[in-house]
Amino acid sequence: MSAPARTARTTRLFAVSLAFLVLVVGTLVVVRAESGKADTPTPGPSLTPVASPLTIEPVKGATFVPALQGKRPLFILLLGSDARPGQPVEKERADSIHIIGVNLKTQHATILGIPRDSWVTIPGHGTDKINAALSDGGPQLVVKTVESVTGIPIDFYAITSFVGLTNMVNSLGGVTVRVTQPMHDQYSRANFNPGVQHLNGTQALEYARDRHSFLNGDLTRSGNQGILMLSALSKFQKTFWNDPWRMFAVLRSVWVNVHTTLSPEMLYRLALTATQVKPANVNNFVVPATTGMQGAESVVFISPSAKALYTQMKRTGTISRPPKQTQ
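Residues numbered from 1 in each chain as written. Predicted model: local features only at pLDDT ≥ 70, side-chain atom pairs only at ≥ 80, totals over all residues. Heavy atoms only, no water.

## Quick notes on the pattern of salt bridges
Counted only if it meets this: For this analysis, a salt bridge means a side-chain nitrogen from Lys or Arg found within 4 Å of a carboxyl oxygen belonging to Asp or Glu. In this description a helix means any DSSP run of H or I spanning at least four residues, a strand means any run of E spanning at least two, and both kinds are numbered starting from the N terminus. Each residue is assigned to one of three classes by its accessible area relative to the maximum for its type, calculated with a 1.4 Å probe on protein chains only: buried under 20%, partly exposed between the two thresholds, exposed over 50%.
Overall, the coordinates contain seven salt bridges when judged by the stated rule. Residue arginine 72 is joined to aspartate 155 by a salt bridge in which the shortest nitrogen-to-oxygen separation is 2.5 Å. Separated by 83 residues along the polypeptide, arginine 72 in the loop between helix H2 (65-68) and strand S2 (74-81) and aspartate 155 in the loop between helix H3 (132-150) and strand S7 (156-160) bring together distant segments of the chain. Assessed through its relative accessible area of 25%, arginine 72 is described here as partly exposed. Classification of aspartate 155 by relative accessible area gives buried; the value is 1%. Between arginine 221 and aspartate 218 there is a salt bridge, with its nearest N and O atoms 2.7 Å apart. Of this pair, arginine 221 and aspartate 218 both sit in helix H6 (residues 218-240), three residues apart, roughly one helical turn. Summarising the burial analysis for this pair, arginine 221 and aspartate 218 share the class buried. Overlapping salt bridges, with partners in common, bring together Asp95, Arg116, Asp117, Lys129 and Glu297 in one network.

See below:
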């Protein structure tokens, strides 16, 4: 391959992967705020600037260079804040929590969802639902809590709010998911019949918020968030791999809203990892757990069997088989 060709390919990889990283975080948010009026799916990618900021930061004290070099798995904690417009994203509750493990050697990855209502110990704050860690102490406390629960060392965290989901999905012209059971929920405004559904941004948010349509509530909702992410990744790759110039325009529209202290070189290396894993090589799981009550609160109790999954993910970056869920 000639030098110009290698340069062009590297440039395209960087832009595609960075935009995908932004997209991934946008698809992971679940909020309690009311949805707006349903919008109409656009026929193709939009260049509308993203109205909600995205923060990507390294975890304090993390030694992530070996992970980026493929010497060990890379772990990113993706957070969706339930902040409403005008509220600080990093000071509200975390309604979407997912660990992304990436094994660069095998080019496989796993999305591991932790339900927002998981009843855990938050360091320095006693026992509470895990989503309270964000309002108690910001993203770094969520990282510390997740690390204490799972034993998995987090390298980076990324956080956004619900506006990012809506705009990112609309910028792709919508995403396609397979709905496995009726979803008709007055709280999230989800209104979907079983089958393949093409969702615009508002509908994707409604799909991600719905927990009342399912017997195990928060567990299925967490899994649906991962489904949205994988759908967005597939749509993104199909749309942009053969049209890098359009991708540059979309990248410009989101870049101004990215907050980070990472150097351009480090951000490039982080973003480049997204190009090395195909959607077919990404598993989407939720920690094994049961729903129950803690006093008057509905909560999720993580099963002791999750420890074996944490150990496997910490070692390999992936989980080989789906956890067994109970209601």
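The structure having been displayed, the exposition proceeds.
## Things to note about the packing of aromatic side chains
To keep it simple, the criterion reads: The aromatic pairing rule takes the rings of Phe, Tyr and Trp, using the six-membered ring of Trp, and pairs them if the centres are within 6.5 Å, calling planes under 30 degrees apart stacked, those over 60 edge-to-face and the rest tilted.
For the structure shown, the criterion picks out two aromatic pairs. When the ring of phenylalanine 64 is compared with that of phenylalanine 156, the centres are 4.6 Å apart and the planes differ by 45 degrees; the resulting orientation is tilted. With a gap of 92 residues between them, phenylalanine 64 in the loop between strand S1 (54-58) and H2 and phenylalanine 156 in strand S7 connect regions that are remote in the sequence. Between the aromatic rings of phenylalanine 192 and tyrosine 207, the centroid separation amounts to 6.4 Å while the plane-to-plane angle is 65 degrees, which identifies the pairing as edge-to-face. With phenylalanine 192 in strand S10 (residues 191-192) and tyrosine 207 in helix H5 (residues 201-209), the pair connects residues that are 15 residues apart, well separated along the chain.

## Thoughts on the pairing of S2
Our working definition: Two strands pair under a simple rule: DSSP has to find at least two bridges between them.
The element S2 is largely enclosed, with a buried count of eight among its eight residues. By the alternation rule, side chains of S2 split into Leu74, Ile76, Leu78 and Gly80 and Phe75, Leu77, Leu79 and Ser81, which are all buried. Bridge count between S2 and strand S3 (residues 94-103): eight bridges; the pairing is antiparallel. The residue bridging leucine 77 from the neighbouring strand is isoleucine 99, located in S3. By the bridge criterion, five bridges tie S2 to S7 in an arrangement that is parallel.

## Description of the side chain of serine 118
Rule in force here: A contact between two residues is defined here by any heavy atoms of the two lying within 4.5 Å.
If you trace the backbone, serine 118 turns up in the loop between strand S4 (108-113) and strand S5 (119-122). Residue classification places serine 118 among the buried positions, given a relative accessible area of 0%. Residue contacts for serine 118: discarding those within four places in its chain leaves Asp128, Lys129, Ile130, Val300 and Ile302.

## What about the nonpolar core?
The condition is simple: Throughout this description, the term nonpolar core refers to a set of buried Ala, Val, Leu, Ile, Met, Phe, Trp, Tyr and Cys residues connected via side-chain atoms within 4.5 Å.
Counting residues in each nonpolar core, the largest one holds 32 residues, and the members touching the most others are Leu77, Ile97, Ile99, Leu112, Val146 and Ile154. Of all the secondary-structure elements, those providing two or more residues to this core are S2, S3, S5, H3, S7 and helix H9 (306-316). With seven residues, H3 is the single largest residue contributor to this core. In this structure, leucine 77 is in contact with Ile97, His98, Ile99, Val142, Val143, Val146, Ile154, Phe156, Tyr157 and Ala158, ignoring residues within four places of it in sequence.

## Topic: the confidence of the model for the protein chain
So the rule is basically this: The pLDDT score gives, residue by residue, the confidence of the prediction method on a 0 to 100 scale.
Per-chain confidence: the protein chain averages 78 in pLDDT, with 73% of residues scoring 70 or above. Mean pLDDT values for the elements of the protein chain range from 44 in helix H1 (residues 3-26) up to 98 in S5. A low-confidence stretch, residues 6-52 (pLDDT under 50), is modelled with 146 contacts involving residues beyond four sequence positions or located in other chains.

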